[in-house]
Amino acid sequence: MSQKLFDNEIFFAAYRKLRSEKNYNDLLEQPAMRRLLPGLKGKAVLDLGCGYGCGSLFLAQSGAKRVLGIDLSEKMLDVAQKDFCHPLVEYRRMDMEDLSQLTEAFDLVYSSLAFHYVEDFLKLAKDIYRLLKSGGVLLFSQEHPIVTATMNCKGHYNLSQDGEYASYTFSDYGRGGKRIGHWFIDGVENYHRPMGEIVTTLSQTGFRIEALVEPLPEPWAVSEKPDLAKEYIKPTFLIIKAAK
Ligand SMILES: C[S@@+](CC[C@H](N)C(=O)[O-])C[C@H]1O[C@@H](n2cnc3c(N)ncnc32)[C@H](O)[C@@H]1O
């Protein structure tokens, strides 16, 4: 079973604080994901790694007839049940590495920033393909492969002589596999996959890729959080929309 990172007390408290402030999810990743959503009216949606459930709630409020949100973390699901409940949303504690347990068919499989925690992407892609109706859509975001590449997660920005952000250093891009680094706590595990591996895996599973987006911030977002201008040096997120 995957690590239970989000149930670690220290990690969970720090992550909640991050999400309560101006953050990259709300200002960059979510606006880009929402621009790519297919029509939701009357659709059945599976939200993988739903976390607090803010995405699941949004999908139900946008017309989906049913949303099943699954997540590994008890703490995240507790918040989802309490603060993001909706009559058309069901939250379930489940590992997305065990999707073979599901028999229901979905029009949309959605996942925000969770796939880089999963080791076996080919199995995940095949499981999702099986669960989608014909013509169904997979829309997911993950940390960009440039971000996941460097061993010990130690990629870093470099400053110019004027003290401006100028470039970004990363390495080990071609070595796919587990990375163990520090994000609020030590020992956080992610899986790095080069872009070619992600796209080829989806394509060989049978998906038709409709969009591959490395989101850039809108001007309003940069004025809210000037740090976002760094996205022009190096993307933080990768978003893919693919159809069955
Ligand atoms: C960065 S959070 C994103 C949460 C939510 N999608 C959002 O955008 O607010 C990643 C979530 O993925 C969940 N997760 C990680 N690995 C998982 C797995 N194998 N199965 C189900 N959930 C998983 C974590 O518990 C966590 O809630």
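Heads up: these notes are all about the structure in this document. (Residues numbered from 1 in each chain as written. Predicted model: local features only at pLDDT ≥ 70, side-chain atom pairs only at ≥ 80, totals over all residues.)

1. Some remarks on the overall build of the chain
The helix and strand inventory of the chain stands at eight helices and eleven strands. A compact globule built from 244 residues would reach a C-alpha radius of gyration of about 18 Å, and the chain, at 18 Å, matches this within 12%. By its C-alpha atoms, the chain is 55 × 40 × 35 Å across when sized along the principal axes. Residues classed as buried in the chain amount to 37% of the 244 residues present. Long-range pairs, those at least 24 residues apart, make up 66% of the contacts in the chain between residues at least 6 apart in sequence. (Helix = DSSP H or I, 4+ residues; strand = E, 2+ residues; numbered from the N terminus. Rg over C-alpha atoms; globule rule 2.2 N^0.38 Å. Buried ≥ 20, exposed ≤ 12 C-beta atoms within 10 Å, placed from the backbone. Contact = placed C-beta atoms within 7 Å.)

2. A short note on the site of the ligand
The environment of the ligand is formed by 22 residues, the closest being Gly49, Gly51, Ser73, Ser112 and Ala114. Mapped onto the shell around the ligand, the elements with two or more residues apiece are helix H3 (54-61) and strand S2 (66-71). The class makeup of the residues in the shell around the ligand is twelve nonpolar, seven polar and three charged. (Near = placed C-beta within 6 Å. Nonpolar A, V, L, I, M, F, W, Y, C, P; charged D, E, K, R; others polar.)

3. Topic: the sheet that holds strand S1 (residues 44-48)
Taking strand neighbours across the sheet as the criterion, the seven strands line up as S3-S2-S1-S4-S5-S11-S10 in an open arrangement whose pairing is mixed. Each edge of the open sheet carries a strand with a single partner, namely strand S3 (89-93) and strand S10 (208-213). Each adjacent strand pair in this sheet contributes to an overall mean axis angle of 15°, direction not counted. Where S10 meets strand S11 (residues 237-243), five bridges bridge the pair, whose relative direction is antiparallel. Opposite Leu212, over in S11, you have Ile240 as the bridge partner. Against the sheet, helix H2 (residues 24-36) engages strand S4 (106-112), strand S5 (132-143), S10 and S11, with an angle of about 15° to S11. (Pairing = 2+ DSSP bridges. Axes fitted to C-alpha atoms, helices over the stretch in contact; angles between N-to-C directions.)

4. A short note on the pairing of strand S6 (residues 156-159)
Bridge count for S6 against strand S7 (residues 165-169) is four bridges, and the pairing is antiparallel. Its bridge partner being in S7, Leu159 is matched across the sheet by Tyr165. Linking two consecutive strands that pair antiparallel, namely S6 and S7, is a turn of five residues; a positive phi of about 85° is found at Gly163 within it.

5. Points about the packing of helix H5 (residues 121-131) against helix H7 (residues 195-205)
Remark: H5 packs on H7, axes separated minimally by 9 Å, with the N-to-C direction vectors making an angle of 40°. Judged by the inter-axis angle, H5 sits oblique to H7. By crossing handedness, the relation of H5 to H7 is classed as right-handed. Between H5 and H7, the residues in contact are Phe121, Leu122, Ala125, Lys126 and Tyr129 and Ile198, Thr201, Leu202 and Thr205, respectively. (Parallel < 35°, antiparallel > 145°, perpendicular 65-115°, else oblique. Left-handed = near helix turned anticlockwise from the far one by under 90°.)

6. Structural notes on unusual backbone geometry
If you check the backbone angles, Leu113 has positive phi at about 55° while not being a glycine. For Leu113, the position within the fold is in the loop between S4 and H5. Non-glycine residue Asp172 carries a positive phi angle of around 60°.

7. Focus: the environment of Asn190
Checked against the element boundaries, Asn190 lands in strand S9 (residues 185-192). In the structure, Asn190 is positioned 66 residues away from Leu124 in sequence and 15 Å away in space, judged by C-alpha atoms. Discounting residues that sit within four places of it in the chain, Asn190 has contacts with His116, Tyr117, Glu143, Thr148 and Arg179.

8. Quick word on H2
Under the 1.5 Å per step criterion, the end-to-end length of H2 is 17 Å for 13 residues, consistent within 8% with the ideal 18 Å. At Gln30, H2 shows its strongest bend, of approximately 35°, with the proline Pro31 following within four residues. Next to the buried residues of H2 lie S4, S5, helix H8 (219-224) and S11. (Expected span 1.5 Å × (residues − 1). Bend = angle between axes of the 7 residues up to and from the residue.)

9. With respect to the environment of Tyr15
Checked against the element boundaries, Tyr15 lands in helix H1 (residues 9-20). If sequence neighbours within four positions are ignored, Tyr15 has contacts with Phe6 and Phe184.

10. Some words on the pairing of S5
For S5, the buried fraction is high: nine of the twelve residues fall into the buried class. Two elements, S4 and S5, share six bridges in a ladder whose sense is parallel. Counterpart to Tyr110 in the pairing with S5 is Leu139. For the segment spanning S4, H5 and S5, crossover handedness is right-handed. Sheet topology places S5 next to S11; seven bridges connect them, and they run antiparallel. Opposite Gln142, over in S11, you have Leu238 as the bridge partner. (Right-handed = clockwise from strand over helix to strand, strands pointing away.)

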